[in-house]
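# Examining the three-dimensional arrangement
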Amino acid sequence: RYTYEIAPVFVLMEEVVLAKLRALVGWSTGDGIFAPGGSMSNMYAMNVARFHRFPQSRRDGNWALPRLTAFASQESHYSIQKGAAFLGIGTANVCLVPSDARRMIPEELEKEIQRVKAEGSQPFFVCATGGTTVLGAFDPLHSIADICQRHGLWLHVDVTAPNSHSKVSLSPPSLPPSLPRADSVAWNPHKMLTVGLQCSAFLLRDASGLLQRCHGAGATYLFQADKFYDVTFDTGDKTPQCGRRVDCLKLWLLWKAVGTQGLARRVQRAFACTRYLAEEVKRREGFQLVLEPEFINLCFWFVPPSLRGREGSPDYWSRLEKV
């Protein structure tokens with residue numbers, strides 16, 4: 001599907017679901033699209049960030065730009081390097097910032113930005129991770145957002161790892177003060193929320209039509225400006241694809257079927273099983289718990305206050321972000 005007239009119900013459904021997800025992240029406006037997987041969502045973020053900083057890149061390519069550098073944690077997903085290769089930025093221009101074995105160290109990010117600038121390269125993009133693939137660790141988003149704001153860098157938050165897929169809250173006061181500061185977010189309901197594969201949302205805080213300007217080709221046989229309806233519903237030109245699968249339908253159906261609290265219970269049960277397994281490993285002879293699990297995965301964003309456990313304590317965010 002690519003135009004409203006081809007699939008009107010599904011186009012409207014995607015608009016509604018994306019708006020709901022953005023609101024739960026903490027944005028009252030914005031844009032977004034369902035993408036074929038979290039890796040592609042991260043690549044969308046990198047491409048949109050480059051276009052936002054250097055609009056001429058769309059026409060003139062990387063030849064017209066300074067040498068660009070993207071930043072991500074050593075624990076970040078490999079799709080950041082894949083994206084750099086795919087977009088012509090180059091894997092050598094992805095700076096993997098040292099971590100404390102779990103999270104990106106903000107002071108090291110600042111040092112790397114300064115180093116890159118001194119070498120004549122142009123920083124443009126930082127990918128922070130909300131739930132790393134292996135350990136489920138959260139980068140200190142608030143401190144990273146401060147650095148990005150100071151240097152004028154695009155902040156993308158990758159929350160697509162299995163450990164971090166319910167990070168949406170129904171009560172805005174429980175949101176972390178940093179995530180709404182991100183410029184874009186990649187989120188995969190097809191993991192811990194158990195939506196059928198594939199279902200990946202790329203969410204954008206910008207509401208100025210950045211996706212359209214970055215990717216649109218304006219083919220006149222599809223995207224006429226004088227149609228009888230609001231042509232902003234012709235979403236096919238907002239992505240490098242044209243026709244797309246109706247991935248939003250899977251999340252819409254599941255959400256309607258089990259409800260918000262039903263999704264929350266799924267996540268809470270998974271965490272309860274993890275806690276149980278960790279305790280059993282500790283007490284069982286012949287086994288050793290290599291790493292204590294961290295339950296900072298923001299699963300309670302989907303959980304009403306009446307169902308929250310210790311994660312909802314007043315100082316939770318300050319302990320989580322260590323600021």
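Residues numbered from 1 in each chain as written. Predicted model: local features only at pLDDT ≥ 70, side-chain atom pairs only at ≥ 80, totals over all residues. Heavy atoms only, no water.

### A look at the overall build of the protein chain
Note the cut-off: Going along the chain from the N terminus, every DSSP run of H or I of four or more residues is numbered as a helix, and every run of E of two or more is numbered as a strand. Working definition: with a 1.4 Å probe on protein chains only, accessible area under 20% of the residue-type maximum means buried, over 50% means exposed, and in between means partly exposed. Residue contacts are defined here by distance: any two heavy atoms, one from each residue, within 4.5 Å place the two residues in contact. All accessibility values rest on the Shrake-Rupley procedure with a 1.4 Å probe; residue burial counts only the protein chains present in the view.
Along the protein chain, the regular secondary structure elements total 9 helices and 7 strands. Every one of the 323 residues in the protein chain was classed for burial, and the buried ones make up 54%. For the protein chain, the proportion of contacts with a sequence separation of at least 24, taken over those separated by at least 6, is 72%. Element-wise, carbon and sulfur atoms account for 57% of the exposed surface of the protein chain, whose accessible area totals about 14600 Å².

### What to know about the confidence of the model for the protein chain
Any region with low pLDDT has predicted coordinates that should not be read closely. The condition that has to hold: Each residue carries a pLDDT score, the predictor's confidence in it, ranging from 0 to 100.
On average, residues of the protein chain carry a pLDDT of 84, and 85% of them reach 70 or more. Counting interchain partners and residues more than four positions distant, the pLDDT-below-50 stretch residues 163-175 has 61 contacts. Taken as a whole, residues 296-323 scores under 50 in pLDDT and shows 77 contacts with residues more than four places along the chain or in a different chain.

### What about the packing of aromatic side chains?
Under the convention used in this document: Within 6.5 Å between ring centres, the rings of Phe, Tyr and Trp (the latter by its six-membered ring) count as paired, and their orientation is classed by plane angle as stacked under 30 degrees, edge-to-face over 60, tilted in between.
Throughout the structure, instances matching the rule amount to 5 aromatic pairs. Both rings, one in Y4 and one in F233, keep their centres 5.7 Å apart while their planes meet at 35°; by these two values the pair is tilted. Within this pair, whereas Y4 is found in the segment before α1 (8-25), its partner F233 is found in the loop between α7 (210-215) and α8 (248-283), the two being separated by 229 residues in sequence. Here F233 falls in the partly exposed class, since its relative accessible area comes to 24%. Between F124 and F125, the ring centres sit 5.8 Å apart and the planes meet at 35°, which makes this aromatic pair tilted. In this structure F125 comes out as buried when scored by relative accessible area, which is 0%. Site record: aromatic cluster; members linked through ring pairs are Y4, F228, Y229 and F233.

### Focus on the packing of helix α2 (residues 38-53) against helix α4 (residues 79-86)
So the rule is basically this: Note on geometry: axes are C-alpha line fits, over the in-contact stretch for helices, and angles between N-to-C directions span 0 to 180 degrees. Reported orientations rely on four angle classes, namely roughly parallel under 35 degrees, roughly antiparallel over 145, roughly perpendicular from 65 to 115, and oblique for the rest. Crossing handedness is read from the near helix: turned anticlockwise from the far helix by less than a right angle, it gives a left-handed crossing, and turned clockwise, a right-handed one. Asp, Glu, Lys and Arg are counted as charged, while Ala, Val, Leu, Ile, Met, Phe, Trp, Tyr, Cys and Pro are counted as nonpolar; the rest, among them Gly, fall into the polar class.
In the contact formed by α2 and α4, the axes pass within 9 Å of each other and the chain directions differ by 55°. Overall, the two elements α2 and α4 adopt an arrangement that is oblique. Where α2 crosses over α4, the two elements pack in a sense that is right-handed. Along its contact with α2, which presents S39, N42, M43 and M46, the element α4 presents S79, I80, K82, G83, A84 and F86. The residue inventory of the contact of α2 with α4, partitioned by class, reads 5 nonpolar, 4 polar and 1 charged.

### As for the environment of I113
Inspection of the secondary structure assignment puts I113 in helix α5 (residues 106-118). Given the relative accessible area of 0%, I113 is considered buried.

### A short note on unusual backbone geometry
Residues L197 and Q198 are joined by a peptide bond in cis, for which omega reads 5°. Examined against the element boundaries, Q198 turns out to sit in the loop between β6 (184-187) and β7 (200-204). A positive phi is found at A101, a non-glycine position, where the angle reads about 80°. With respect to the helices, strands and loops of the structure, A101 is situated in the loop between β3 (94-97) and α5.

### A few points about the sheet that holds strand β1 (residues 31-35)
Whether parallel or antiparallel, the strands of a sheet pair through hydrogen bonds between backbone atoms. The following threshold applies: We call two strands paired when DSSP finds no fewer than two bridges between them.
Read from one edge of the open sheet, 7 strands run β1-β7-β6-β5-β4-β2-β3, paired in mixed fashion. The open sheet has two edge strands, β1 and β3, and neither has a second partner. The mean inter-strand angle of the sheet, taken between neighbouring strand axes irrespective of direction, is 20°. Of the strand pairs in this sheet, strand β2 (residues 68-73) and β3 are connected by 4 bridges, and their pairing is parallel. If you follow A72 over to β3, its bridge partner there is L96. Each of β2, β3 and β4 (122-129) is contacted by α4, which is oriented at about 165° to β3, the strand it contacts most.

### Quick look at the UniProt feature "modified residue: N6-(pyridoxal phosphate)lysine" (unreviewed entry) in the protein chain
Test applied: UniProt positions are given in the numbering used here, feature names are shortened, and annotations may be inferred rather than shown by experiment.
If you check UniProt for "modified residue: N6-(pyridoxal phosphate)lysine" (unreviewed entry), the listed places come out as K191 in our numbering. On the secondary structure map, K191 appears in the loop between β6 and β7.

### What to know about the environment of D230
Formally: N or O atoms within 3.5 Å of each other form a polar contact, as long as, within protein, one can give a hydrogen and the other can take it, and as long as residues adjacent in sequence are counted only when both atoms are side-chain atoms.
You can see D230 is positioned in the loop between α7 and α8. When the C-alpha atoms of D230 and Y4 are compared, they prove to be 9.0 Å apart, with 226 residues separating the residues in sequence. A polar contact is formed between the side chain of D230 and the side chain of T232, at a distance of 2.8 Å.

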